[in-house]
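Structure assessment
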Amino acid sequence: MKKRIVAGMLTALMAVSMVGCGGASSDTADSGNAGSDAGADAGTEEAAADGDVITVGFAQVGHESDWRTASTKSVQDAFSADKGYDLQFVDCDNDSAAQIEAVRQFIQDDVDYIVIDPIVSTGWDTVLTECEDAGIPVIVIDRTIDDSDKYVSWVGSEFMNEGLAAGTWLKDYAEAKGISDLNILVIEGSNGSSAQIGRTDGFKKIADAEGWTILDSQDGNFTQDGGQQVMESYCKSYEGQFNVVVCQNDNEAFGAMDAMTAAGVSYGVDKDVILISFDACKSGLEFVQSGDINADFMCYPLQGEYCADIVQKLEAGETVEKQTFMTEPWYVAEDILPSITYTNNAGEEVTEELVVVTDAASQASY
Ligand code: GZL
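A few points on the structure. (Residues numbered from 1 in each chain as written. Predicted model: local features only at pLDDT ≥ 70, side-chain atom pairs only at ≥ 80, totals over all residues. Heavy atoms only, no water.)

A short note on the overall build of the protein
Helices and strands together make up the secondary structure of the protein, namely 11 helices and 15 strands. Residue burial in the protein is summarised as follows: out of 366 residues, 54% are buried. Of the contacts made within the protein by residues no fewer than 6 positions apart, 73% connect residues no fewer than 24 positions apart. (Helix = DSSP H or I, 4+ residues; strand = E, 2+ residues; numbered from the N terminus. Buried < 20%, exposed > 50% of the residue type's maximum accessible area, 1.4 Å probe, protein only. Contact = heavy atoms within 4.5 Å.)

Let's talk about the nonpolar core
A general trend in soluble globular proteins is that nonpolar side chains are found buried together. With 55 residues, the main nonpolar core has Phe79, Ile141, Met231, Phe242, Val245, Met260 and Leu275 as its most contacted residues. If one sorts the elements of this core by residue count, helix α8 (residues 250-262) sits on top with 6 residues. Residues Tyr173, Ile206, Val244 and Val350 belong to the second largest nonpolar core, which totals 29 residues. (Core = buried A, V, L, I, M, F, W, Y, C linked by side-chain atoms within 4.5 Å.)

Considering the sheet that holds strand β7 (residues 183-188)
Spatially, β8-β7-β9-β10-β11-β13-β15-β14 is the arrangement adopted by the 8 strands of the open sheet, whose pairing is mixed. At either end of the open sheet lies a strand with only one pairing partner, and these are β8 (213-219) and β14 (339-343). Each strand of the sheet is rotated relative to its neighbour by a mean of 20°, with strand direction disregarded. With 4 bridges joining them, strand β10 (residues 274-279) and strand β11 (residues 295-298) adopt parallel strand pairing. (Pairing = 2+ DSSP bridges. Axes fitted to C-alpha atoms, helices over the stretch in contact; angles between N-to-C directions.)

What about the site of the ligand?
Lining the immediate surroundings of the ligand are 13 residues, of which Glu64, Asp142, Arg143, Arg199 and Asp279 lie closest. With respect to the ligand, the side chain of Glu64 contributes an N or O atom lying 2.4 Å from an oxygen atom. Take Asn249: an N or O atom from its side chain is 2.9 Å from an oxygen atom of the ligand. Isolated, the ligand exposes 310 Å² of accessible area, and the fraction of that covered by the protein chains is 100%. The cavity that encloses the ligand is the largest cavity. When contributions to the shell around the ligand are tallied by element, the ones reaching two or more residues are α2 (66-78) and α6 (194-210). (Near = heavy atom within 4 Å. Polar contact = N/O pair within 3.5 Å; in protein donor to acceptor, adjacent residues only side chain to side chain. Areas by Shrake-Rupley, 256 points an atom, 1.4 Å probe, with all protein chains shown as cover. 1 Å grid on protein atoms, 1.4 Å probe; cavity = no way out; pocket = protein on both sides within 12 Å on 5 of 7 lines; lining within 4 Å. Sits in = over half its atoms within 2 Å of the grid points.)

With respect to the packing of α8 against helix α9 (residues 282-289)
Two elements in contact, α8 and α9, have axes whose closest approach is 9 Å; the angle formed by their N-to-C orientations is 50°. By the angle class used here, α8 and α9 are oblique. Judged by the sense of rotation from one axis to the other, the crossing of α8 with α9 is left-handed. Seen from α8, the contacting residues are Asp250, Phe254 and Met257; seen from α9, they are Ser283, Gly284 and Phe287. Per-class residue counts for the contact of α8 with α9 are 3 nonpolar, 2 polar and 1 charged. (Parallel < 35°, antiparallel > 145°, perpendicular 65-115°, else oblique. Left-handed = near helix turned anticlockwise from the far one by under 90°. Nonpolar A, V, L, I, M, F, W, Y, C, P; charged D, E, K, R; others polar.)

Here it is as structure tokens:
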């Protein structure tokens, strides 16, 4: 519920904000580029025009990865008290039932806005209808909700394209390296999440078209432990049979690297196994730079300012985009392919640059 703060506090608040942030307003949320920090100096515009504090309930997936840590900080920074917000944050610890309950509690608390990063993409229409009945706008970030459109806006990534890009890169890379027979093991992200679904389907579309063998594909839950456990099992079950490992996020790749090292399997540039990852967090890019990870497909997590920009537009009675896609670079260890060309999920033929990781790139990542 919007709470009025006394004028004096607001003046002080605005003074601090203007000095601290320069008072720049948020950029318009758009299909921004990785690294763009829309609205980083949002300043006093973030406070509601009538002096109220804006309460925002945020139901976050959990704390499973470097990506998630960056995502959480991005939202907490965007909806900070000095910008006129009261952020009610719930870490749902990868528990879908707990996430639904968190949203219901936000409704009971009569927050002004609800932000959801949905653990899984289905089972949402009932609770989103309750939000709609309560007159509370819902903004979805990162993963998608696929069984309801009762939200005002979504900001995130096209996961299918991430999978298509990874498969296309592998096709061109294997060709360039003279590797004709690809036997692939996949460590998937949390089952039922749109990130896992999109990356799996996108990569499999290329694998099927190329006739590759996917020996196995198991859930590593986007965690380092999960990646290590699945890879330990793979090293036993498929010893000597595989030459590609696809991890659906960097933390799984870190665990898989530990497991392969323990099993005496080498990975990376010109090694036994080609290692592919997603997210391109700082540590992931450092492993690309060292040649331990051959390619890392970025998924951009810093969506907090895009989300705050949407709130500000709604506060001002403006219309907002229903979807805002992040644009994300594809990082590689070697300078042997300049780009990849594929048909994306929108049916467009696209050519996208491959970025060889440098110190600057890895240090600039999240
Ligand atoms: C993708 C995001 C995924 C990341 C993982 O947008 O939801 O969840 O790829 C994170 O690192 O755990």
